[in-house]
Structures are given as structure tokens and as C-alpha cells.
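What the coordinates show
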Amino acid sequence: MLPLPVLEEAQRDLLALPEVGMSVLEISHRSKWYEAINHETEQNLRQLLGIPEHYSVLFLQGGASLQFTMVPMNLLGGRSADYIITGSWGEKAYKEAVKLGSARIAWNGKAENFTRIPRPDELEFDPNSAYVHFTSNETIQGVQFPTEPEIGSTPLVCDASSDFLWRPLPIERYALIYAGAQKNAGPAGVTIVILRNDLLERIPSNLPTMLDYRTHVEHKSLYNTPPVFAVYMVMLVTRWLRDTIGGLAKMEQINRQKAQLIYEVIDRSEGFYCGHAHPEYRSVMNITWRLPNEELEKEFLQQAQANGLHELKGHRSVGGCRASLYNAVPLEAVQALRDFMRDFMRKHA
Ligand code: PMP
């Protein structure tokens, strides 16, 4: 979901941006108006997340999936990297890294059906690795790191696609963070990359221009035609987070409150709703659970749909149900889901 006030503002600007006389879909990416949008979006992100000057903020295309390739291409430098795999997306990221060089698995939750994150003593790192990669929130399984993994001084790289901007982040613990915008930050079409500038020095000189982070740092994400509308939407969403919500600490409070409502129903259901993830590591963004059998799951989803509760089907690879409570999902919608879940259980348990 996107915040309603953001959609309403975008609707107004779709015909003509104030003081421009042209639609946001029509302006040139070389115009001073787009430069202002590009600049403000970056500044808003810097302000919300407290991103220091020695980090660059980039707006790229190709989705988080292209970052699975760009990260190893730019950062391996002939060495190996360590991947912590806690779900389907981390697995995909690892598979791409292997194609480009050497990558090791520091821990893999697959044998336990991706229900938890590793304990510190289970992680096996190569002291010479170029970086450690993890997925802060596994969207499909609903498994989230409560805090960053302890990895020592190796650069930490994070796919934060499905929990970006859900709360404040200690940016300086990261060397690089990437996130497709389409969950919490805007519409599909733009991927945000935040990287520490010293990493630029290790990029090999022979990379294709578009796949080299230096190109986008040097040209302030304007080397080629950027996804103007998507960046403009991220600008509106970051303004909403700052001015309407009151910042990321406030957003975290609201998100925790929303998730708590659903987890309480699951925890008190005596097994009727069975959460997928281990309670310590379950996600505040994506709540995943099963019902006693597939028949009931089907009925649950049908009745939910009939009650105006959409998109609750779990990802096709794991089945069951999933509620994605991204930033813009209002508390009232989550309360409606909670009430529906209680009611369904009363009738079917
Ligand atoms: N990583 C995570 C954690 C995701 O949730 C997704 C998309 N759902 C991706 C990567 C892939 O993103 P994209 O479709 O933008 O390439």
C-alpha cells in the first residue's frame, strides 16, 4: 500500500506540477524540476535515516534482483564473500554471487525450513571475506533479524527490500544497504542503494558502465534516464514519513503495534493459527501462518476476500497465509484483520 495522502498528491500533480505547468510524467529528467526532486528525495532519506556524508545514496533500476549481481560484481575484488541465508531471497542473492566469483554460506536455515535466524555461535565466517551479505527481512517466510548480525570488521551488506524505512537504522554498521522501493518507500521501478564511499575504491576498472556503482555516484543517479515518477513518489513518501508520521522512531512504534495485534491472535489460538517463524525472529512486516488444513486455509482466504481483506495468500512457494503490514497499512486495517481472524476461529476451531 501507499499512503492515501501521497496518492492524492500524486493525482493532483499528474495533470500539472505546481509552478511547472507540466505533468510529473512529462518533465525532462534534465530539467531543474527533476533535479530538485532527485535532490530532495536524497536529502529526505539522509534526514530520516541519519545517513552521514561519507555514504552515497543512489536511485537505480533493475530491482533488488539486479543488486544480487551488482554487489558481488563491484565488491568481490577477486576474493570470496560470506552469505547468511535465512530465506528465499538470501538464497537467490547467494546463487548470483556464485556465478560471478567465489561465495561461501556462513549459515543456511533451509534445513529448518527457514523459520529462524542463526545464533552468533552458529555463524562461520571466512576472516578474509570481501563482505558479509544478509537479508534483514525475508519477505516470503516472515523471518526478520531483530538487530544486525555481529560480524566484526568485515563490510556488512544488507538486502533491506522488505523492511527498509520501517524503523531507524544504525547506518554506520553497514557498508552497503539496498532495497527495492515497492514495499515501504514508493512504487516499483526504483531501487535505493546506500553505500559507504570507501567501497568505491575496490571496484574493478573494467565493469560495464551501467553496472559500476561509480557511474551512478559520479552522476548523482542521472547518468541515464532515471525512473522519474518512481523517484518523485519516494520523495512524497519520505515527506509523509517525516511530516505526517513524525519520523522513523514513530513509524517503528506504529508498526510494532500493528504486528502485535495479529501475533496476539496467533499466540492465543492454541495452535489453530500456527505461525511459521520462531517467535523471537518473526517479522514485523510480513506475518506468516498456517491453519489446521488446506481446506480451512482456502475458506479463510475466500471469506477474508469477501470481507475486504485482500492479498492474504502466502507466497506460492510456502503456502499458508501472509499479512504484509508495510508502513502505509493503517492500524484500522490490521484491527479489521484481527477481528476477522478471531471470528473465523470461533466458527471453525
Ligand atoms: N529481496 C527481497 C527481500 C524481496 O522481498 C524482493 C521482492 N519481493 C526482492 C529482493 C526482489 O526485488 P525486485 O523484484 O525489486 O527485484
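1. A word on the overall build of the protein chain
Along the protein chain, the regular secondary structure elements total nine helices and 12 strands. Rg of the C-alpha trace for the protein chain: 21 Å, near the compact-globule value of 20 Å for 349 residues, within the 12% margin. Taking the principal axes of the C-alpha coordinates as reference, the protein chain spans close to 60 × 55 × 30 Å. Looking at the protein chain as a whole, 56% of its 349 residues are labelled buried. Pairs at least 24 residues apart make up 66% of the contacts formed inside the protein chain by residues separated by at least 6 positions.

2. Considering the pattern of salt bridges
Inspection of every chain in the model, using the stated rule, returns 21 salt bridges. In this structure, Glu148 engages Arg173 in a salt bridge whose closest nitrogen and oxygen atoms are separated by 3.6 Å. Within this pair, whereas Glu148 is found in the loop between strand E6 (143-144) and strand E7 (156-159), its partner Arg173 is found in the loop between E7 and strand E8 (176-180), the two being separated by 25 residues in sequence. Relative accessible area serves as the criterion here: at 37%, Arg173 is assigned to the partly exposed category. Here Asp243 makes a salt bridge to Arg242, at a shortest N to O gap of 2.8 Å. By relative accessible area, which is 51% here, Asp243 ends up exposed. Taken together, the shared-partner salt bridges connect Glu112, Arg116, Arg119, Asp121 and Glu122 into one network.

3. Overview of the site of the ligand
Close to the ligand lie 13 residues, the nearest being Ser65, Thr139, Asp159, Gln182 and Lys183. Residue Ser65 places a side-chain N or O atom 2.6 Å away from an oxygen atom belonging to the ligand. Take Thr139: an N or O atom from its side chain is 2.5 Å from an oxygen atom of the ligand. With the chains in place, 84% of the 390 Å² that the ligand exposes on its own is no longer accessible. Ranked by residue count, the leading element in the shell around the ligand is helix H3 (residues 63-75), at four residues. The residue makeup of the shell around the ligand, split by class, is three nonpolar, eight polar and two charged.

4. What to know about the sheet that holds strand E11 (residues 286-290)
The strand order E10-E11-E12 describes an open sheet built from three strands, whose pairing is antiparallel. Of all strands in the sheet, those with a lone pairing partner are strand E10 (274-275) and strand E12 (321-324), marking the two edges. Across two bridges, E10 lies against E11 in antiparallel orientation. Among the inter-strand pairings, Cys274 is bridged to a residue of E11, identified as Arg290.

5. Some thoughts on the side chain of Asn327
Topologically, Asn327 is positioned in the loop between E12 and helix H9 (331-348). Of the residues examined, Asn327 reaches a relative accessible area of 4% and is grouped as buried. Separated by 2.8 Å, the side chains of Asn327 and Asn255 make a polar contact. Excluding residues within four positions of it along the chain, Asn327 makes contact with Leu165, Trp166, Asn184, Trp240, Leu241, Met251, Asn255, Lys258 and Met285.

6. Concerning unusual backbone geometry
If you check the backbone angles, Asn113 has positive phi at about 60° while not being a glycine. Given the relative accessible area of 49%, Asn113 is considered partly exposed. Here the phi dihedral of Glu270 falls at roughly 50°; this positive angle occurs in a residue that is not glycine.

About the criteria used
- Residues numbered from 1 in each chain as written.
- Predicted model: local features only at pLDDT ≥ 70, side-chain atom pairs only at ≥ 80, totals over all residues.
- Heavy atoms only, no water.
- Helix = DSSP H or I, 4+ residues; strand = E, 2+ residues; numbered from the N terminus.
- Rg over C-alpha atoms; globule rule 2.2 N^0.38 Å.
- Buried < 20%, exposed > 50% of the residue type's maximum accessible area, 1.4 Å probe, protein only.
- Contact = heavy atoms within 4.5 Å.
- Salt bridge = Lys/Arg side-chain N within 4 Å of Asp/Glu carboxyl O.
- Near = heavy atom within 4 Å.
- Polar contact = N/O pair within 3.5 Å; in protein donor to acceptor, adjacent residues only side chain to side chain.
- Areas by Shrake-Rupley, 256 points an atom, 1.4 Å probe, with all protein chains shown as cover.
- Nonpolar A, V, L, I, M, F, W, Y, C, P; charged D, E, K, R; others polar.
- Pairing = 2+ DSSP bridges.

As far as function goes, none of this settles anything; it's purely spatial.
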